[in-house]
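Now for the letters of each chain:
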Amino acid sequence: MRKQLREITDKEEIKDLFRNTDVIRLGISDDKQPYVVPVSFGFDWSDEQPTFYFHGAREGKKFELLTKNPFVCVEGDNFYRYKKTAASAIGRCRLLDGGEAERGLKKILEHCGYAETAVPEKCAANTAVFEIAVEQISGKRRDTHN
């Protein structure tokens, strides 16, 4: 990072950033060009790295690209006037099924403010739920003073 004083090194601060982020932008590659899509998400944070969860249809461009190339990046940010915090991560994505998919959906619902909502079995069966195992994460802050 060019300006070290802007770097966020505290994992708790990065975790708070994602707690207060509504969507993450998912970066996917299709060999010819990048593809970025905003997604609703949930996450777990254990040890030093988060695990992100997001969902989508079991067909379409996002699904096809993710099944071909599991390496992705994500970006989340918070802005208020001239104050900005942002974090980005690189990781490997995998399609979940069964109980893992249901758990991922619960994490998404929890993050979106619907922790008490049950996941209908039909919904879980028809929804593609993905997990991103983060391998690298970094954060940055910017305000009017630096």
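Rules behind the numbers
Every residue gets a number counted from 1 within its own chain, in the order that chain's sequence is written. Reporting in this predicted model follows two pLDDT cut-offs: at least 70 for local features of residues, and 80 or more for side-chain atom pairs to be given and counted; totals over whole chains, interfaces and linings ignore these cut-offs and use all residues. Only heavy atoms go into the side-chain values, all of them from the structure, while hydrogens and water stay out. In these notes, a set of buried Ala, Val, Leu, Ile, Met, Phe, Trp, Tyr and Cys residues joined through side-chain atoms within 4.5 Å is what counts as a nonpolar core. Categorising residues by exposure relies on relative accessible area from a 1.4 Å probe, with only protein chains included: less than 20% of the type maximum marks a residue as buried, more than 50% marks it as exposed, and the intermediate range marks it as partly exposed. A run of H or I in DSSP becomes a helix once it reaches four residues, and a run of E becomes a strand once it reaches two; helices and strands are each numbered from the N terminus. The criterion used for residue contact is that any of the two residues' heavy atoms lie within 4.5 Å. Working definition: a ring pair exists when centres of Phe, Tyr or Trp rings (six-membered ring for Trp) sit within 6.5 Å. Plane angles under 30 degrees give stacked, over 60 give edge-to-face, the rest tilted. Per residue, pLDDT captures the predictor's confidence, and it can take any value from 0 to 100. The rule for a disulfide is simple: a pair of cysteine sulfur atoms within 2.5 Å.

A few words on the nonpolar core. With 27 residues, the main nonpolar core has Phe 18, Leu 26, Phe 52, Phe 54, Leu 66 and Ile 132 as its most contacted residues. Sorting elements by how many residues they give to this core places strand β8 (residues 128-142) first, with 5 residues. Setting aside residues up to four positions removed in sequence, Phe 18 forms contacts with Ile 24, Phe 41, Phe 43, Trp 45, Phe 52, Gly 76, Ala 87, His 111 and Ile 137. Counting residues in each nonpolar core, the second largest holds 8 residues, with Leu 96, Leu 105, Ile 108 and Val 119 among its members.

What follows is about the packing of aromatic side chains. Under the counting rule described, the total for this entry stands at 9 aromatic pairs. Joined through ring pairs, the aromatic side chains of Phe 18, Phe 41, Phe 43, Trp 45 and Phe 52 make up one cluster.

When the pLDDT values of the protein are averaged, the result is 88; 94% of them are 70 or greater. Helix α4 (residues 121-126) is the least confidently modelled element of the protein, averaging 76 in pLDDT, while strand β2 (residues 24-29) averages 96, the highest of any element.

What follows concerns the state of the cysteines. As enumerated under the stated definition, the model contains 0 disulfides in all. You can see Cys 73 has no disulfide; the closest cysteine sulfur is in Cys 93, sitting 11 Å from it.

Before going further, it helps to examine the environment of Tyr 80. Examined against the element boundaries, Tyr 80 turns out to sit in strand β6 (residues 71-80). Residue Tyr 80 is classed as exposed on the basis of its relative accessible area, which comes to 55%.

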